Amino acid sequence: NFKEVDDAIHYRQAAFGMIAHNFGDMGAMLKGKKDYDAAIFAMRATNVAALSKLPLEGFVSGSDTGSTEALAKIWSDKTDFDAKMKTFQENADLLALAAGTSDKKQIKQAFINTGKSCKGCHDVYKKD
Ligand code: ASC
């Protein structure tokens, strides 16, 4: 358990920050903004899959105020929020699996699916 609500907010923000760093680098490789390195890409995909399991724990009740972009709707629609988070985790797991192959088409599709599950949640539950 977290000692303070702020600790929970920091925890989930740290996880999201690490997810964005790893996912962003994968995107740069797929878009040709930097050289594609299959080993680094696979490591990052593994990182994102593991990190995807972390943020949900930080969404404790009462943590919709303070230094956060999380909307109160998360807690009024918690079942849907949890389901969307689970979909993200599943897509991240599939991306890590794809990244272990050399099937670039499958990798790209799995990356797109994962990005959609990031955006799908942000559109509804994150302040702009
Ligand atoms: C990222 C990032 C997000 C997602 C989202 C995907 O790299 O920081 O929030 O991808 O833009 O659509």
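Scroll up a little and you will see the structure.
Residues numbered from 1 in each chain as written. Predicted model: local features only at pLDDT ≥ 70, side-chain atom pairs only at ≥ 80, totals over all residues. Heavy atoms only, no water.

K.L.:
Help me out: how do you make sense of the environment of Thr79 in this one?
P.N.:
In this fold, Thr79 is placed in helix 4 (residues 78-99). In this structure, the C-alpha to C-alpha distance between Thr79 and Asn22, residues 57 residues apart in sequence, is 27 Å. (Helix = DSSP H or I, 4+ residues; strand = E, 2+ residues; numbered from the N terminus.)

K.L.:
What's the story with the side chain of Thr114 in this structure? I'm lost.
P.N.:
As for its placement among the helices and strands, Thr114 is situated in helix 5 (residues 104-125). Within the local environment of Thr114, its side chain forms a polar contact with the backbone oxygen of Ala110, the two atoms lying 2.8 Å apart. Residues within four places of Thr114 in sequence aside, it is in contact with Phe23, Phe88, Asn91, Ala92 and Leu95. (Polar contact = N/O pair within 3.5 Å; in protein donor to acceptor, adjacent residues only side chain to side chain. Contact = heavy atoms within 4.5 Å.)

K.L.:
How do you make sense of the nonpolar core when you look at a structure like this?
P.N.:
In terms of nonpolar packing, the biggest core is built from 26 residues, with Met26, Phe41, Phe81 and Leu95 touching the most fellow members. Listing elements by their share of this core, those giving two or more residues are helix 1 (5-30), helix 2 (38-51), helix 4 and helix 5. (Core = buried A, V, L, I, M, F, W, Y, C linked by side-chain atoms within 4.5 Å. Buried < 20%, exposed > 50% of the residue type's maximum accessible area, 1.4 Å probe, protein only.)

K.L.:
Would you mind going over the site of the ligand with me for this structure?
P.N.:
Around the ligand, the surrounding shell consists of Ala20, Phe23, Gly115, Cys118, Lys119 and His122. At a separation of 3.5 Å, an oxygen atom of the ligand approaches a polar side-chain atom of His122. The fraction of the free accessible surface of the ligand (310 Å²) that becomes covered by protein chains is 54%. Element by element, the count of residues in the shell around the ligand is highest for helix 5, at four residues. (Near = heavy atom within 4 Å. Areas by Shrake-Rupley, 256 points an atom, 1.4 Å probe, with all protein chains shown as cover.)

K.L.:
Would you mind showing me how to read the layout of surface pockets here?
P.N.:
Empty space among the atoms becomes apparent when a probe as large as a water molecule is rolled across them. Size it by volume and the largest pocket reaches roughly 430 Å³. Residue lining of the largest pocket: 20 residues in total, with Phe16, Phe59, Met85, His122 and Lys126 positioned closest to the centre. Elements supplying a minimum of two residues to the lining of the largest pocket: helix 1, helix 4 and helix 5. Take the lining of the largest pocket: its biggest share by element is six residues, from helix 1. Class assignment of the residues belonging to the lining of the largest pocket gives a composition of 13 nonpolar, four polar and three charged. (1 Å grid on protein atoms, 1.4 Å probe; cavity = no way out; pocket = protein on both sides within 12 Å on 5 of 7 lines; lining within 4 Å. Points joined across faces, edges and corners; volume = space filled by probe spheres on them. Nonpolar A, V, L, I, M, F, W, Y, C, P; charged D, E, K, R; others polar.)

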